[in-house]
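Coordinate inspection notes
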Amino acid sequence: MLARVIEVLPPKPNRNDPLQIIKSRKHTHGRPATIAGPMVRYSKLPFRQTCRDYNIDIVYTPMMLAREFVRNAQARRSDFSTNETDAPTIIQVGVNNVTDLLRFIEMAAPYVDGVGINCGCPIKEQLREGIGCALIYNEELLVEMVKAVKEKYGDTLRLETKIRIHEKRTPERTLRMCKQLCEVGVDWITVHGRLRTTRSSEPVDLDAIKYIVDGLKEYDVPIVANGDCFTVKDMEHIAEYTGADGVMSARGVLSNPALFAGFDICPWGCVEKFVHYCIEFGGLPFQLVQHHIFCMFENMKVNKNHMKTLMMTKNMFELLDWLDSVFDMRRPDDKEFGERVEIPYVEV
């Protein structure tokens, strides 16, 4: 099934409601909702589809800049492709004003299952534009944007905010902001338990997430915990410790899209499925295909010489030939396609 950009794709019928998924998974599945988080460049359609094959409930697109998206058709084509099976999907937006946000939603919402406002990106360029993590220090604007969207769309549009926490000496500021968001109708809040300045190598602050979960019990707004989820055991610990309704992983699923299916190490089937979806859907730049496979190989501890050779391939044809020469690569019509766990090296 080919991927299509939104200019030619009809709105999705029978959309999945991500809010109900997040609220219900503990009751229906005995676990929190599992979510593949937004990653700049990497959360595109072939990767999203790979994640869906491994027990992930909801996936996010990469962050898209509202101003570029609404004004530039080429930006829309390069940033966002989807198809009829790409659900439930949350499209994440980087935005710093109400007008651009409403225009973005008008164009994008019919093709997704919800919209997420990025309030957590710590990149300096985004901060200078008042986007990403800058919004948690501009609470009035953030609340204004959420209020404007919910006043216009109500429950016909699911709207999320993905935040980081304020400095540890002011945890009540984060909680106060979350309460304001709840009062203007945000559907759920994802909390990345790190400060704007905290490196990803430093442990996530689960106590901060728990503080927010406990402080919002008077509201019927679920919380998703984000940070340091690399295995199912991590997911279970994060959910139990914080009380969050869902757990999001980004770096974890990048290297192991099957982590929520109980695989501590990326199974070989992920590679076969990802390559298949890249070919079927198209549109993913070759360097991103390479890097996705590199991340999975690194997790699988593939021979370092093979890793170097992988990154030396110049195009998709070279990559496919090399994969076939080193590994027993299966195609969709082959027996055990996408099912094997161990690395199937070709016997010499």
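Cut-offs used in this document
- Here the residue numbering is sequential within each chain, running from 1 through the sequence in written order.
- Whole-chain, interface and lining totals are the exception, using all residues; otherwise, since this is a predicted model, local features are given only for residues with pLDDT of at least 70 and side-chain atom pairs are given and counted only at 80 or more.
- Heavy atoms throughout the structure, all of them, feed into the side-chain values; hydrogens and water do not.
- Secondary structure elements are defined from DSSP: runs of H or I of at least 4 residues count as helices, runs of E of at least 2 residues count as strands, and each element is numbered from the N terminus.
- The reference for a compact globule is 2.2 Å times residues^0.38; the radius of gyration itself is calculated from the C-alpha atoms.
- Working definition: with a 1.4 Å probe on protein chains only, accessible area under 20% of the residue-type maximum means buried, over 50% means exposed, and in between means partly exposed.
- In what follows, a contact means two residues having at least one pair of non-hydrogen atoms within 4.5 Å.
- Each accessible area is a Shrake-Rupley result for a 1.4 Å probe, and residues are judged covered by the shown protein chains and nothing else.
- UniProt positions are given in the numbering used here, feature names are shortened, and annotations may be inferred rather than shown by experiment.
- In this description, a nonpolar core means a group of buried Ala, Val, Leu, Ile, Met, Phe, Trp, Tyr and Cys residues linked to one another through side-chain atoms lying within 4.5 Å.
- Domain segmentation is taken from an automatic or database assignment of domains.
- Throughout, the arc means the angular range of directions from the helix axis out to the C-beta atoms.
- Helix axes are fitted only over the stretch in contact, all axes being lines through C-alpha atoms; the angle between N-to-C directions runs from 0 to 180 degrees.
- Angles below 35 degrees are treated as roughly parallel, those above 145 as roughly antiparallel, those between 65 and 115 as roughly perpendicular, and all remaining angles as oblique.
- Any Lys or Arg side-chain nitrogen found within 4 Å of a carboxyl oxygen on Asp or Glu counts as a salt bridge.
- By the definition used in this description, the sense in which the near helix is turned from the far one sets the handedness, with an anticlockwise turn below a right angle giving left-handed and a clockwise turn giving right-handed.
- As a working rule, the residues Ala, Val, Leu, Ile, Met, Phe, Trp, Tyr, Cys and Pro are called nonpolar, Asp, Glu, Lys and Arg charged, and the rest polar, with Gly in that last group.
- A pair of strands is considered paired only if DSSP assigns at least 2 bridges between the two.
- A cavity here means a set of 1 Å grid points, computed over protein atoms only, where a 1.4 Å probe fits but cannot escape. A pocket is an open set with protein on both sides within 12 Å along at least 5 of 7 lines, and lining residues have an atom within 4 Å of a point.
- Grid points are joined across faces, edges and corners, and a volume is the space filled by probe spheres set on the points.

**Some thoughts on the overall build of the chain**
Across its full length, the chain holds 15 helices and 8 strands. Its C-alpha atoms give the chain a radius of gyration of 20 Å, near enough to 20 Å, the size a compact globule of 348 residues would have. Across its three principal directions, the C-alpha atoms of the chain cover 65 × 45 × 40 Å. Within the chain, buried positions represent 57% of all 348 residues. At a minimum sequence separation of 6, the contacts of the chain that also span at least 24 residues come to 71%. Entry remark: accessible area of the chain is about 15500 Å², with carbon and sulfur atoms responsible for 50%.

**Regarding the UniProt feature "domain: DUS-like FMN-binding" (unreviewed entry) in the chain**
Sequence positions flagged by UniProt for "domain: DUS-like FMN-binding" (unreviewed entry) are, in local numbering, residues 35–318. Overall, residues 35–318 shows 46% helix and 14% strand. The separation of its end C-alpha atoms is 33 Å.

**Here we look at the nonpolar core**
One finds F104, I117, L142, I189, L216, F297 and F327 to be the most contacted residues of the largest nonpolar core, which totals 101 residues. Among the elements that line this core, the one with the most residues is helix α13 (residues 286–300), at 8 residues. The residues that make up this core include at least three from each of domain 1 (18–261) and domain 2 (268–326). Ignoring anything within four residues of it in the chain, the contact list for I189 reads T161, I163, C178, L181, C182, L216, V221, P222, I223 and V224.

**Regarding helix α10 (residues 232–242)**
When we look at burial in α10, the residues that qualify are V232, M235, I238, A239 and T242. The buried residues of α10 occupy an angular sector of 125° when the element is viewed end-on, so they sit on one face. Away from the buried face of α10 by more than 90 degrees, exposed residues K233 and E240 are located. Buried residues in α10 make contact with α1 (18–28), β1 (33–36), α9 (206–215), β7 (223–226) and β8 (246–249).

**A look at the packing of helix α14 (residues 304–312) against helix α15 (residues 316–326)**
One can describe the packing of α14 onto α15 by two numbers: an axis separation of 9 Å at closest approach and a directional angle of 155°. By the angle between their directions, the pair α14 and α15 is classed as roughly antiparallel. Together, H306, T309, L310 and M312 of α14 and E318, L319, W322 and V326 of α15 make up the contact between the two elements.

**Looking at the pattern of salt bridges**
In this structure the tally under the stated criterion is 24 salt bridges. Of the charged contacts in the structure, one is a salt bridge between R251 and D228, with a shortest N-O distance of 3.2 Å. Here R251 is found in helix α11 (residues 251–255), whereas its partner D228 is found in the loop between β7 and α10, with 23 residues between them in sequence. Judged by its relative accessible area of 38%, R251 is partly exposed. Of the charged contacts, one joins R340 and E272 as a salt bridge, the two residues approaching to 2.5 Å between their closest N and O atoms. Of this pair, R340 sits in the segment after α15 while E272 sits in helix α12 (residues 268–281), and the two are 68 residues apart along the sequence. Across the pair, E272 and R340 agree in class, each one buried. Three or more residues are tied together by salt bridges with common partners; here these are D17, K150, D155, R158 and D187.

**Digging into the packing of helix α5 (residues 98–108) against helix α7 (residues 139–153)**
It is the contact of α5 with α7, at a shortest axis distance of 9 Å, that shows an interaxial angle of 40°. Considered as vectors, α5 and α7 are oriented oblique to each other. α5 and α7 meet at a crossing whose hand is right-handed. Residues V98, L101, L102, I105 and E106 of α5 touch α7, and the partners they reach there are E144, M145, A148, V149, K152 and Y153. Broken down by class, the residue content of the contact of α5 with α7 amounts to 8 nonpolar, no polar and 3 charged.

**Topic: the pairing of β1**
Side-chain alternation along β1 places A33 and I35 on one buried face and T34 and A36 on a second face that is also buried. With 4 bridges joining them, β1 and β8 adopt parallel strand pairing. Counted as the bridge partner of A36 is S249 from β8. Sheet topology note: the β1/strand β2 (residues 58–65) ladder contains 2 bridges and is parallel. Bridged to A36 within β2 is V59.

**Observations regarding the layout of surface pockets**
By volume, the largest pocket amounts to about 720 Å³. Lining the largest pocket are 32 residues, with P38, P122, R164, H192 and A250 positioned closest to its centre. Only β2, β5 (159–164), β8 and α11 provide two or more residues apiece to the lining of the largest pocket. In terms of residue count, α11 provides more of the lining of the largest pocket than any other element does, 3 residues in total. Of the residues in the lining of the largest pocket, the class split is 14 nonpolar, 11 polar and 7 charged.

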